[in-house]
Amino acid sequence: MSEILIKNAYVIDPISGVNGETMDIAIRDGRIVEDVGGGAEVIDARGALTLPGGIDSHTHICGTKVNFGRYMSPEDMRAGRTARHGYMHATSGYSVPTTYGNSYRYSRMGYTTLLEGAMAPLEARHTHEEFLYTPLQDTMANALFDGNWSILEAIRDGDTKRVAAIIGWFLTAVKGFAVKLTNPGGTEAWGWGKDVTCIHNPVPNFEVSPSEIITAVVKANEMLRLPHSVHLHCNNLGKPGNYTCTMGTLGLIPDLNKKRQTLYATHVQFHSYGGSGWSDFCSKSEPVANVVNMRPQIVIDMGQVMFGKTTTMTADGPMEFNLYRLHHDKWSNHDVELETGSGIIPVLYRRKNLVNAVMWAIGLELGLLVKDPWQCIMATDNPNGAPFVRYPEVIALLMSKKYRDEEFATVHPDTESRVPLPAIEREMDWYEIAVMTRAAQAKALGIVDIGKGHLGVGAEADVAIYPVRADEVDPAVDYRKVIEAFGKTEYTIKRGRVVSRRGECLVDGNNTTIWVKPKISEEYNMANDPDFIAKFDRYYTVRMSNYPVQDEYLKRNLCIETEAEL
Amino acid sequence: MIIKDTVCPFCGCLCDDIEVTVEDGKIVATDNACTLGTSKFLGDHRMKSPIRRVGKEWKEISYDEAIDYTVDMLLDADRPLLYGWSGTHGEAQCVGVHMAELLKGVIDNTSSVCHGPSILAIQEVGHPGCTLGQVKNRADIIIYWGCNPIDAHPRHLSRYTRYANGFFLENSFRDRKVIVVDVRKSQTTNLADEFVQIKPGCDYAVLSALRAIVRGKGDDLPRTVGGVQREQLFRIVDLCKKAKFGAVYFGLGLTMTAGKYKNIRNAIELVDELNRHTKFTISAMRGHYNVYGSNEVNTWMTGYPFGIDFSRGIAFYNPGETTAVDILARKECDACLIVASDPAAHFPRPCIEHLAEIPVVQIDPYANATTAFCDVQIPVGITGIDAAGTAYRMDGVPIRTKKVLETAYPSDEEILGSVYARIQEVRQP
């Protein structure tokens, strides 16, 4: 039995309704409890800001394309080297760190749970292998369904139950956590070097449109009663004028779930562009934020861009090729048979580049214009908008108009005529930041009930203690202190163990992989479906029996079983 | 007993549809496997127990003694080299990386004498690729360049290209065009719709000519380039541009001939150019069944696919300096652990001479050319036959190989795990 008592913690725990109370937190055997005995290890927080462990609900940290980002980029590996030290293995990489690099750097920032944003089902084993070497965070993965042939055919046939059954089979087989659509239909079109332009453009050969894919998969997701909603990367990413497509997409979504949103739209910054081309490119964050404000069934994440070097990587293969044709650096592409695509290019976001400056502004505008922080999550689509190590700066920008103005003075001078940012006065407080960096993620992912994102009795003892007195520091003025504090915890506690202390990781951890298994009736068990089996026999290059991720790949894991309406 | 859907641990095709017949604890037959795979499954003459060289004799020793020797050798070394890895499973490769890090040694895999140059090219210009099924279902044009899959990857054509019917190609043999580029005729060129015979060492020039034609600058070309008629080059570009989906597969004939990584870079840039007209992909024909896995494992753990030097605590990568051949040729290496490969059969003579001078332990199921240069050899289970584990196919698809035989041999992971645990006792803080 291990016990910890955190004394004098200045706690903000939005899910439990705690906003800035100085209190003690008792931990026994990895869970928050009412109290502990006199023998407990005592940690004196001395009034420091104490939050539930951070959760990233959209990041790219493990799997085929992440690893290819490393593989093709020795220059990025050189840009982030640390030597082996104590319990910490050597790390490499700045924008695409090695698995240990990701894990240690997230841990020093107080993060204890991570969702890999895009896992191709065929290559799921790879993601799970890398999870095993991401020791200090619990992990889960979105499985990609945007170009899944069996699903496209079921949608064409109008059989939503079959869509759900297929998703259920794949999620269970690949030990996935949630349903991801990346440029739905577009990744299949990219198999022919083509793309879809918006939600009503049909997918070649399959006679379905992205809007049909999105609406059917959203319904199927709810039939499976999955903890998380559909996780959508909209069509048309990165193109001037794409905000109309984004608003049309958000408009498709009914309110189907009482506990959480019905759609999680990711990295919406990349989807909130006005203009007819690059010359009149401008921000359309206001209309997009307004749609979100009117629709409680939508949650978005910012997809904030920060200036500097990074690597972009996504299942959206056609988008990466378009981006490559603008940047001319190097380009990798990896289509995945019957399922999806992917692409990678390195990028340098420059403050003196007008388009980049507008992108930077749009992310912040979304964060500030979406009224309810539970509906707008802080993220950079790591590493696409910026590596996650830039989060503390993003937080400070949201909290300080002064910081925003100082930064704004350094960007391309025409930016002012293209974006509303300078006119936005809002400054987030500590509570809102706590929502946007852990509580909203836990709620959106549907993992509050398994003890994530809060510090109530029974919760997982994932705690981040930041070296800042939230009751004394004015973040709007002392934003440097905010950046410093969120960059390195005093203590990061994971499942009741101190895993990181002032940036030093102290243990060789052992994460939990969280996955879902919808219980589906025999009638809808795809394992017995002749057409579904034929897909494997005829078109996949891996046998159906070899396809599912074996138990050997999940060391410590938590399976969330759901009762599907099938 | 027949075991279905077994994974063949021979080449990078990683065929997973093999039927293996096991009788009395032995594999007696295989179905679906090619001759290379069958010979591996039916392989005999396994080494019975670890052996140690004593004077001019080999002496059988226990596994514990072999592990003791290995641990002492590695702990005593200033610049240990851990080499090989392509013929074992990912779980063992992971232990190898941890061990190299703790020993401050160098870890390298067979890529450095194989597709290493292809990786260098990818690090310059990227890699537009795809999984093999994407090609099987869509590609109406296939180009094999500097490779002979009939001999080296025998089922590549039947599973993925020439003879494989796909979703959009109901009659593959009729609907796909196959172009083979090589310096000589081979069994593969006999199956080609178009054979492009180039002069040895002229790959770079021919690729440049093709790029020029794709870019509309073909008028400037001479009558022949690298021994290839101008008309044929134009015809090929025309075929490529009219194709709906093209796939280039290249082998060591492109990677390891004059120009080396520049050839691959040029080929990738040709594919890049063709993507502005239609869909095109390019991929390496990886040799060992899990050489790609060793690149993957090294990359997620260290940031680099091969040739990693931990001597300064950080992971340091500089092919040509931190690769096995160079470390041995410079006589820096003072102890070598070889796992699942056979460097004595492939390395330059000065490297092998140095191997003969230093203590060497080899972990391998069979005696091979390297056995003659080692001090201890430890036989292990063969991944995919008597040990299970992860392998990455040439296109990056990970597949779990099966254990189809129960034998007393420990797996690579078990042996390496024991060695690592012992090293940890001494070196871990």
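Residues numbered from 1 in each chain as written. Chains lettered and ligands numbered in written order. Predicted model: local features only at pLDDT ≥ 70, side-chain atom pairs only at ≥ 80, totals over all residues.

## Topic: the overall build of chain B
Scanning chain B from terminus to terminus reveals 16 helices and 22 strands. Based on the C-alpha atoms only, the size of chain B along its principal axes is roughly 70 × 50 × 40 Å. Taking all 429 residues of chain B together, 59% fall into the buried category. Taking the intrachain contacts of chain B between residues at least 6 apart in sequence as the baseline, contacts between residues at least 24 apart amount to 68%. (Helix = DSSP H or I, 4+ residues; strand = E, 2+ residues; numbered from the N terminus. Buried ≥ 20, exposed ≤ 12 C-beta atoms within 10 Å, placed from the backbone. Contact = placed C-beta atoms within 7 Å.)

## Side note on the overall build of chain A
In terms of helices and strands, chain A carries 17 helices and 24 strands. Taken against the 2.2 N^0.38 rule, which gives 24 Å for 566 residues, the C-alpha radius of gyration of chain A at 22 Å falls within 12% of a compact globule. Projecting the C-alpha coordinates of chain A onto the three principal axes gives extents of approximately 65 × 60 × 45 Å. Evaluated residue by residue, chain A yields a buried proportion of 63% over its 566 residues. Intrachain contacts of chain A at a sequence separation of at least 6 include 78% that bridge at least 24 residues. (Rg over C-alpha atoms; globule rule 2.2 N^0.38 Å.)

## Remarks on the sheet that holds strand β5 (residues 57-60) of chain B
Residues and elements named next belong to chain B. Strand order in the open sheet made by the nine strands is β5-β4-β20-β19-β18-β6-β7-β16-β17, with mixed pairing throughout. Looking at which strands have only one partner, the edges of the open sheet turn out to be β5 and β17 (316-317). Here four bridges tie strand β4 (residues 51-54) to β5, and the two strands are oriented antiparallel to one another. Bridge pairing in β5 links Ile51 to Glu60. (Pairing = 2+ DSSP bridges.)

## Thoughts on helix α8 (residues 210-223) of chain A
All names here are of chain A. The end-to-end C-alpha distance of α8 is 20 Å, a good match for the 20 Å that 14 residues give at a rise of 1.5 Å each. α8 sits mainly inside the fold: 10 of its 14 residues count as buried. Every buried residue belonging to α8 is among Pro210, Glu212, Ile213, Ile214, Ala216, Val217, Val218, Ala220, Asn221 and Met223, and all of these are buried. The inward-facing, buried residues of α8 abut α5 (149-156), α6 (160-174), β9 (178-182), β10 (230-233), α9 (243-251) and β11 (263-265). Note on α8: the residue one or two positions beyond its end, Arg225, has a positive phi of about 55°. (Expected span 1.5 Å × (residues − 1).)

## Topic: the domain arrangement of chain B
Residue and element names in this part refer to chain B. In terms of domains, chain B is made up of domain 1 (46-114 + 289-427) and domain 2 (116-284). Between domain 1 and domain 2, the residue contacts involve 10 residues of the former and nine residues of the latter. Looking at side-chain class alone, the side of domain 1 that touches domain 2 contains seven nonpolar, two polar and one charged residues. (Domains from an automatic or database assignment. Nonpolar A, V, L, I, M, F, W, Y, C, P; charged D, E, K, R; others polar.)

## Points about the interface of chain B and chain A
Taken together, the contact pairs 53 residues of chain B with 46 residues of chain A. Taken together, the elements giving at least two residues each to the side of chain B that touches chain A come down to α3 (90-103), α4 (116-125), β8 (128-130), α5 (132-138), α13 (291-302) and β22 (398-401) of chain B. Here the side of chain B that touches chain A is composed, by residue class, of 21 nonpolar, 19 polar and 13 charged.

## Thoughts on the nonpolar core
Counting 327 residues, the largest nonpolar core has Leu49, Val163, Ile167, Val217, Leu366 and Ile395 of chain A together with Ala267 of chain B as the members making the most contacts within it. Considering each element in turn, this core owes the most residues, 12 residues, to helix α12 (residues 354-369) of chain A. The two domains that each donate at least three residues to this core are domain 1 (46-114 + 289-427) and domain 2 (116-284) of chain B. Not counting residues within four places of it along the chain, the set of residues in contact with Val217 of chain A comprises Phe145, Val163, Val179, Leu181 and Val230 of chain A. (Core = buried A, V, L, I, M, F, W, Y, C linked by C-beta atoms within 7 Å.)

## Some details on the packing of α4 of chain B against helix α12 (residues 261-274) of chain B
Any two packed helices are characterised by the angle at which their axes cross and by the distance between the axes. All names here are of chain B. Taken N-terminus to C-terminus, the directions of α4 and α12 make an angle of 50°; their axes are 8 Å apart at the nearest point. Put simply, α4 runs oblique to α12. Crossing hand, α4 versus α12: right-handed. Counted together, Pro117, Ser118, Leu120, Ala121, Glu124 and Val125 of α4 and Tyr261, Ile264, Arg265, Ile268 and Glu269 of α12 form the full contact between these two elements. Of the residues contributing to the contact of α4 with α12, the split by class is seven nonpolar, one polar and three charged. (Axes fitted to C-alpha atoms, helices over the stretch in contact; angles between N-to-C directions. Parallel < 35°, antiparallel > 145°, perpendicular 65-115°, else oblique. Left-handed = near helix turned anticlockwise from the far one by under 90°.)

## Notes on unusual backbone geometry
Each neighbour pair has its own omega, and for Asn382 of chain A with Pro383 of chain A the value is -5°, a cis peptide bond. Its place among the elements puts Pro383 of chain A in the loop between β18 (376-377) and α13 (391-399). The residue Arg502 of chain A is not glycine, and still its phi comes out positive at about 45°. Look at Arg502 of chain A and you get exposed, because 11 C-beta atoms sit within 10 Å. The phi torsion at Lys331 of chain B lies on the positive side, around 60°, for a residue other than glycine. Relative to the assigned elements, Lys331 of chain B resides in the loop between α14 (324-329) and β18 (335-339). Looking at Lys331 of chain B, the number of C-beta atoms within 10 Å reads 14, which means it is partly exposed.

## A closer look at the pairing of strand β7 (residues 111-119) of chain A
Residue and element names in this part refer to chain A. Most of β7 is tucked away: nine of the nine residues are buried. Note: strand β6 (residues 54-59) against β7, four bridges, orientation parallel. Across the sheet, Ile55 pairs through a bridge with Thr113, a residue of β7. Two strands pair when backbone bridges link them, and β7 and strand β8 (residues 138-144) are joined in this way by five bridges, in the parallel orientation. The partner of Glu116 across the bridge, within β8, is Ala141. Handedness of the β7-helix α4 (residues 124-132)-β8 crossover: right-handed. (Right-handed = clockwise from strand over helix to strand, strands pointing away.)

## Quick notes on the sheet that holds strand β11 (residues 194-197) of chain B
Note on sheets: strands pair through backbone hydrogen bonds, and any given pair is parallel or antiparallel. All names here are of chain B. Sheet architecture is open: five strands sit in the order β11-β10-β9-β14-β15, paired in parallel fashion. Edge positions in the sheet fall to β11 and β15 (279-284), since each of these pairs with one other strand and no more. With strand direction ignored, the average angle separating the axes of adjacent strands in the sheet is 15°. Summarising the sheet, strand β9 (residues 141-145) and strand β14 (residues 245-250) pair through five bridges and their orientation is parallel. Counted as the bridge partner of Ile143 is Val248 from β14.

## Quick look at the packing of α3 of chain B against α13 of chain B
All names here are of chain B. The N-to-C vectors of α3 and α13 enclose an angle of 40°; their axes lie 9 Å apart at closest approach. Taken together, α3 and α13 sit at an angle that is classed as oblique. The element α3 and its partner α13 pack so that their crossing is right-handed. Of α13, the residues touching α3 (which contributes Gly90, Gln93, Cys94 and Val97) are Gly293, Ser294, Val297, Asn298, Met301 and Thr302. Residue classes in the contact of α3 with α13 are distributed as four nonpolar, six polar and no charged.

## A look at the environment of Asp146 of chain A
Residues and elements named next belong to chain A. Topologically, Asp146 is positioned in the loop between β8 and α5. C-alpha of Asp146 to C-alpha of Arg81: the two residues are 65 residues apart in sequence and 36 Å apart in space. Setting aside anything within four residues of it in sequence, one finds Asp146 in contact with Leu181, Thr182, Asn183, Pro184, Gly185, Thr187, Ala315 and Thr340.

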